[in-house]
Amino acid sequence: MVPEKPQNKINTYTDRPLGANVLFFHFFWKNTICLAVLLFILSATVVFPSDEAYDHFFKGDDPDAPWHINADEIDYDQKEEQYIARGHVTITKNSKTIEADFIRFNHKTMDIFATGHVLIATGTDLLTATSLEMNLKDEIGTLYNGTLFYRANHFYLKGNTIKKIGKDTFTIDKGSITTCDGDHPAWKITGRNLKVTIEGYGTVNHAALRVKNIPVLYAPYLAFPVKLKRQSGFLTPQIGYSDRKGAQYVQPFFWAINDQSDATFYGHLMQSRGIQWGLEYRYVLDDMSKGTLMFDILDDRKIDDGTGDSSKKWGYENDDLLRPNSDRYWFRMKNNQALPLGFTAKIDLDVVSDQDYLQEFKYGYTGFDATKSYYDEFFGRAIDGYDDPIRVNSLNINKIWPQYSLNAEARWYDDARQGPRNDTETSLQNLPFITFNGSKQPILKTPLYFDLKSSYAYFFRETGDKAQRADVYPRLYLPYSVQSYFFFEPSIGVRGTVWHLDQDEAASSNKDWESYRGMYDLKLDLSTEFFQVYPFKGVKIDRFKHKVRPRIVYDYTPNQFQDNFPFFDSIDRIDRQNVLTYSLTNTFISRSRRYQTQPNGPPKTIPEDAKKQELPDYSYAQPCRIELEQQYDFNKANENDPEPLSPIYGKLQLEPARYLSLQADANWSVYDTAFMSHNLAVILRDNRGDRAFIEHRYKRDTSESIYTDLTVEISRRLSTNITYERNIQDGKNIKTGLGFLYRAQCWSLILQYINEAEDRKYAFMINLHGLGGYGQSIGF
């Protein structure tokens with residue numbers, strides 16, 4: 001322990017990590033097919049330690065706390081007023097530690113010299129050197145043969161001489177950056193005269209990317225921003241090749257606008273098609289208010305106007321429409337916004353230039369797959385399929401109360417098959433569509449319950465009839481149970497619908513008119529439920545519960561002539577019903593002990609933290625569910641229809657083990673004694689990461705297809721992925737793909753090939769862990 005004689009307080013000091021956020025290497029790539037010269041930019045991003053980690057290195061937890069020294073031998077030089085420690089020297093202050101074979105410390109000037117196996121530790125981050133000289137007060141010093149390891153992103157910075165010459169400025173004579181372990185890393189970036197200012201810029205001479213110490217890319221001079229926060233700069237490019245587009249190169253540029261918003265710009269160079277420009281703009285105000293806008297535009301060199309073999313080369317077999325336009329684009333946006341009084345607003349926009357665009361640009365940074373995944377993850381709202389030319393655009397304002405909900409929505413359907421809208425546009429729009437619904441709830445203290453569905457819609461088209469419609473549909477229930485054996489619930493629904501039709505001026509009679517429809521329907525719902533619990537002696541499972549629920553439902557809606565009413569959607573035509581539906585549902589529930597019993601031994605002790613959280617002793621799962629259902633139509637029987645019985649519908653959900661799941665459904669015709677349709681999906685997986693997905697879909701006289709996706713972990717580092725989809729009815733392959741993924745400690749490589757009906761794609765991705773990737777991945 002250090003004597004109490006020196007009263008000066010010592011502030012901790014260690015050297016701060018140095019790194020490059022963005023590295024650019026330029027060289028020219030000559031394509032011998034088109035004789036064009038493409039600019040190739042390799043860019044990489046290093047994630048720097050946070051401000052908090054930086055403060056840990058340069059500032060003590062408590063500036064008033066003293067340093068403590070432990071060593072095999074400690075002397076105090078009265079004349080020089082410094083401590084001299086030898087042998088296993090350790091200096092600690094709160095969570096900071098400095099270790100060395102020899103340390104000399106002057107408590108007057110705050111100068112410290114250390115040599116021999118120097119180690120500075122702060123949490124999980126380490127700094128090592130053969131020797132160091134520093135002033136703990138001014139935070140200026142030098143490390144010799146130093147290495148910084150930042151565990152958060154497994155980042156190493158090495159230099160023969162690392163100098164801290166200012167508050168946030170460092171210089172390195174010869175330095176290197178890598179995320180690879182060991183003295184001989186698989187890759188590293190080296191340079192001379194490296195100078196870095198944190199939250200500023202850095203420069204380096206003779207920068208080189210080395211693979212196994214072999215230089216593969218070089219830049220004589222490099223300037224780059226160095227920021228701990230988000231930064232503007234070039235991102236990882238993508239490279240690929242396809243039959244329809246030729247060689248491809250995509251270069252993104254990221255713009256950190258402020259703490260709440262950012263943008264990414266894309267340049268997509270295609271050898272055969274031209275340059276596609278893209279933009280993404282994102283903002284987040286709070287958890288309830290955020291938005292993302294994306295826009296791509298392309299002046300396509302190729303069109304499908306039906307002349308020559310243009311349709312064969314640039315069209316698609318799954319549609320009969322031409323694509324004569326060369327100006328192509330896709331605009332999409334999703335937005336959430338909190339409003340006063342508990343209201344929220346949501347905007348979904350999706351406008352595309354033609355029916356082929358999303359199939360043409362399905363992969364890549366701005367492709368359909370990436371867009372769909374992003375919106376699903378961050379907004380929880382899907383976009384229409386890539387093969388759907390009718391794109392839904394909407395503005396929704398809603399509020400939810402405990403038992404009621406209000407939704408006001410303006411919905412616009414954009415038809416990509418029709419091109420730009422004009423005076424003959426006939427697409428029907430909902431401007432607006434408003435619903436006010438009430439959940440099932442008791443009426444005062446009576447045995448009666450009710451719910452409510454109501455809506456108002458204005459149907460608009462530029463050419464054609466327009467209309468307003470109000471629909472109110474309350475329902476009254478009288479539930480009754482016979483002890484716990486049977487549940488019986490009769491109900492009656494009353495529907496009132498009013499239309500106001502604005503006839504098209506071009507019609508023979510353009511007089512507006514109103515109409516009203518009143519209807520009712522009856523429903524009788526009878527069900528019961530019984531179960532049996534079976535003991536089970538397993539490692540985890542100790543009980544099974546088998547639950548059976550028979551149910552009979554009768555629905556009646558009288559026949560009513562409705563041809564004199566306007567027709568815009570399903571609410572305008574309520575079909576008659578006189579149907580008896582009977583079903584049987586079997587559910588199997590397993591109970592597992594949360595803490596397993598050791599074989600031939602006592603149960604495991606429940607951890608104290610679990611007791612504090614009051615976790616239940618058991619967990620429950622549903623390994624199997626089987627549903628069977630059929631209908632009998634009295635109207636068909638009364639009209640001597642030979643087939644009053646519907647096909648038997650069955651559905652199976654099975655998960656008998658942790659690594660196996662199966663889902664199936666089918667419709668069986670009792671008259672043809674054959675399947676009308678059936679679908680089967682199976683997922684197999686294991687602890688290694690192997691996974692197999694197989695799906696078969698069948699609809700009689702219409703379609704039959706099979707899809708498989710197989711991932712196999714060949715070794716700890718190498719895996720392969722195989723995809724196959726085939727239209728069995730037509731005898732044609734829809735998609736085949738093969739990919740390989742090789743994973744090393746600090747880099748990975750992906751190679752892929754995909755063959756679809758109208759295009760073949762080749763892609764690769766090299767990922768230097770911690771610095772980003774290079775290339776394009778379209779499968780893994």
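Before we go on, may I ask you to explain the state of the cysteines in this structure?
As used in these notes, a disulfide is a covalent bond between sulfur atoms, one from each of two cysteines. Applying the stated rule across the entire model yields one disulfide. Between the sulfur atoms of Cys 180 and its disulfide mate Cys 746 the distance is 1.8 Å. Across the S-S bond linking Cys 180 and Cys 746, the dihedral sits near 85°, which makes this disulfide right-handed. With Cys 180 in the loop between strand 11 (169-178) and strand 12 (187-197) and Cys 746 in the loop between strand 41 (732-743) and strand 42 (747-756), this pair connects stretches of sequence that are 566 residues apart. Its relative accessible area of 2% is what places Cys 180 among the buried residues. Judged by its relative accessible area of 2%, Cys 746 is buried.

I would appreciate a short explanation of a nonpolar patch on the surface in the present structure.
Nonpolar side chains collect at one region of the surface, where Tyr 480, Val 482, Tyr 485, Phe 486, Phe 488, Leu 524, Leu 526, Ile 552 and Tyr 582 lie side by side and expose about 830 Å² of accessible area between them. Within the residue set of the nonpolar patch, elements represented by two or more residues are strand 28 (480-482), strand 29 (486-502) and strand 30 (513-528). Looking at the element boundaries, Tyr 485 is found in the loop between strand 28 and strand 29.

Honestly, the nonpolar core in this entry has me stumped. Any pointers?
Looking at soluble globular proteins, one finds that nonpolar side chains tend to be buried together. Formed by 32 residues in total, the largest nonpolar core has its most connected members in Ile 91, Ile 103, Ile 112, Leu 132 and Leu 136. Sequence-distant contacts of Leu 132, defined by excluding residues within four places in its chain, comprise Ile 112, Phe 113, Ala 114, Val 118, Ile 120, Thr 142 and Leu 143. The next biggest cluster of nonpolar side chains, apart from the first, holds 14 residues, and it includes Met 270, Phe 361, Tyr 374 and Tyr 375.

Sorry if this is basic, but what is going on with the side chain of Asp 471 here?
Counting through the fold element by element, Asp 471 comes out in strand 27 (residues 466-477). A distance of 2.7 Å separates a polar atom in the side chain of Asp 471 from a polar atom in the side chain of Arg 495. Those residues within four positions of Asp 471 in sequence are excluded, and the remaining contacts are Lys 453, Ser 454, Ser 455, Arg 495, Gly 496, Thr 497, Arg 517 and Ile 571.

Please clarify how the pairing of strand 17 (residues 246-258) should be interpreted in this entry.
Side chains on a regular strand alternate between the two faces of the sheet. One ladder, built from two bridges, connects strand 15 (residues 233-234) with strand 17; its direction is antiparallel. By the bridge assignment, Phe 234 is partnered in strand 17 with Phe 253. In textbook terms, the turn of a hairpin is the stretch between consecutive antiparallel strands, and for strand 16 (residues 238-242) and strand 17 this stretch comprises three residues. Pairing of strand 17 with strand 18 (residues 261-270) involves nine bridges; the strand directions are antiparallel. Looking across to strand 18, one finds that Tyr 249 is bridged to Leu 269. The loop that links strand 17 with its antiparallel partner strand 18 comprises two residues.

I tried to follow the pattern of salt bridges on my own but got confused; where do I start?
When charged atoms on two side chains of opposite charge get close, those side chains can pair. On inspection of all chains with the given rule, the structure shows 35 salt bridges. A salt bridge links Asp 296 to Arg 332, with the shortest nitrogen-to-oxygen separation between them at 2.8 Å. With Asp 296 in strand 20 (residues 289-299) and Arg 332 in strand 21 (residues 327-338), the pair connects residues that are 36 residues apart, well separated along the chain. For the pair Asp 296 and Arg 332, a shared accessibility class is recorded, and that class is buried.

Is there a simple way to think about the pairing of strand 6 (residues 96-106) in this case?
Sheet topology places strand 5 (residues 82-93) next to strand 6; 10 bridges connect them, and they run antiparallel. Looking at the pairing, Ile 84 lines up with Arg 104 of strand 6. What sits between the antiparallel neighbours strand 5 and strand 6 is a turn of two residues, in which Asn 94 has the positive phi angle 55°. Pairing between strand 6 and strand 7 (residues 111-122): nine bridges, direction antiparallel. Note that in strand 7 the partner of Phe 105 across the bridge is Ile 112. From the end of strand 6 to the start of strand 7, which pair antiparallel, there are four residues, and Met 110 there has a positive phi angle of about 65°.

Where do I start with the confidence of the model for the protein chain in this structure?
Low pLDDT marks regions whose predicted coordinates should not be analysed in detail. When the pLDDT values of the protein chain are averaged, the result is 82; 83% of them are 70 or greater. Taken together, the stretch residues 1-60 has pLDDT below 50 and engages in 198 contacts with residues farther than four places along the chain or on a different chain. A low-confidence stretch, residues 596-602 (pLDDT under 50), is modelled with seven contacts involving residues beyond four sequence positions or located in other chains.

What am I meant to see in the side chain of Asp 521 here?
Checked against the element boundaries, Asp 521 lands in strand 30. Classification of Asp 521 as buried rests on a relative accessible area of 12%. At 2.6 Å, the side chain of Asp 521 forms a polar contact with the side chain of Arg 475. With sequence-adjacent residues up to four places away left out, Asp 521 is seen in contact with Tyr 473, Arg 475, Ser 491, Ile 492, Gly 493, Tyr 556 and Thr 557.

How do you make sense of the environment of Ile 541 when you look at a structure like this?
Relative to the helices and strands, Ile 541 resides in strand 32 (residues 541-557). Placed 77 residues apart in sequence, Ile 541 and Tyr 618 show a C-alpha to C-alpha distance of 9.4 Å. For Ile 541, the contacting residues outside a window of four places in its chain are Phe 536, Ser 590, Arg 591 and Ser 592.

Would you mind showing me how to read helix 4 (residues 368-379) here?
Since the α-helix packs 3.6 residues into each turn, any two residues three or four apart lie on the same face. Given a rise of 1.5 Å per residue, 12 residues ought to cover 16 Å, and the 16 Å separating the end C-alpha atoms of helix 4 matches this to within 8%. Taken together, the buried residues of helix 4 touch strand 19 (274-286), strand 20, strand 21, helix 3 (357-360) and strand 23 (390-400). Once helix 4 ends, the next one or two residues include Gly 380, with phi positive near 65°.

Sorry, what's going on with the packing of aromatic side chains here?
By convention here, two paired aromatic rings are described through the distance between centres and the angle between planes. By the definition in use, this model includes 24 aromatic pairs. Centre to centre, the rings of Tyr 404 and Phe 436 are 5.6 Å apart; their planes meet at 5°, and the pair counts as stacked. Taken together, the positions of Tyr 404 in strand 24 (residues 404-415) and Phe 436 in strand 25 (residues 429-442) put the pair 32 residues apart, joining distant regions of the chain. In this structure Tyr 404 comes out as partly exposed when scored by relative accessible area, which is 27%. With relative accessibility at 32%, the residue Phe 436 sits in the partly exposed group. With centroids separated by 6.2 Å and ring planes inclined at 70°, the aromatic side chains of Tyr 554 and Phe 634 adopt a geometry described as edge-to-face. Here the residue Tyr 554 occupies a position in strand 32, and Phe 634 occupies one in helix 6 (residues 634-638), the gap between them amounting to 80 residues. Its relative accessible area of 24% is what places Tyr 554 among the partly exposed residues. Taken together, the ring pairs in this structure connect Tyr 374, Tyr 375, Phe 378 and Phe 379 into an aromatic cluster. Just above the ring of Tyr 156 sits the side chain of Lys 158; from NZ or CZ to the centre is 5.9 Å. Here the basic side chain of Lys 362 rests over the ring of Tyr 386, its NZ or CZ set 4.2 Å away from the ring centre.

Definitions and limits used
- Counting of residues starts from 1 at the beginning of each chain's written sequence and follows it residue by residue.
- With pLDDT at 70 or above as the cut-off, local features in this predicted model cover only qualifying residues; side-chain atom pairs require 80 or more to be listed or tallied, and sums for whole chains, interfaces and linings still use all residues.
- The basis for the side-chain values is all heavy atoms of the structure; hydrogens and waters are excluded.
- Criterion for a disulfide: a pair of cysteine sulfur atoms within 2.5 Å.
- Every helix listed is a DSSP run of H or I at least four residues long, and every strand listed is a run of E at least two residues long, numbered separately from the N terminus.
- Exposure classes here rest on a 1.4 Å probe applied to the protein chains alone. A residue is buried below 20% of its type maximum, exposed above 50%, and partly exposed in between.
- A residue counts toward a patch only above 30% relative accessible area and without a salt bridge, and it is joined to like-charged neighbours within 9 Å or, for Val, Leu, Ile, Met, Phe, Trp and Tyr, to nonpolar neighbours within 5 Å.
- Calculation of accessible area relied on Shrake-Rupley with a 1.4 Å probe; when residues are assessed, cover is drawn exclusively from the protein chains displayed.
- Salt bridges are defined as contacts in which a side-chain nitrogen from Lys or Arg sits within 4 Å of a carboxyl oxygen from Asp or Glu.
- We define a nonpolar core as any set of buried Ala, Val, Leu, Ile, Met, Phe, Trp, Tyr and Cys residues linked to one another through side-chain atoms lying within 4.5 Å.
- We call two residues contacting when some pair of their heavy atoms lies within 4.5 Å.
- For the purposes of these results, a polar contact is taken to be a pair of N or O atoms within 3.5 Å, where, inside protein, one atom must be able to donate a hydrogen and its partner to accept one; residues adjacent in sequence count only when each atom of the pair is a side-chain atom.
- Two strands form a pair only when DSSP identifies at least two bridges running between them.
- Per-residue confidence from the predictor is given as pLDDT, running between 0 and 100.
- In this scheme, a helix's expected span is set at 1.5 Å multiplied by one less than its residue total.
- When the centres of two rings from Phe, Tyr and Trp lie within 6.5 Å, Trp using its six-membered ring, the rings pair. Their planes under 30 degrees apart give stacked, over 60 give edge-to-face, and anything left gives tilted.
- Comment: the charge-over-ring label is applied if NZ (Lys) or CZ (Arg) is within 6 Å of the ring centre and within 35 degrees of the ring normal.

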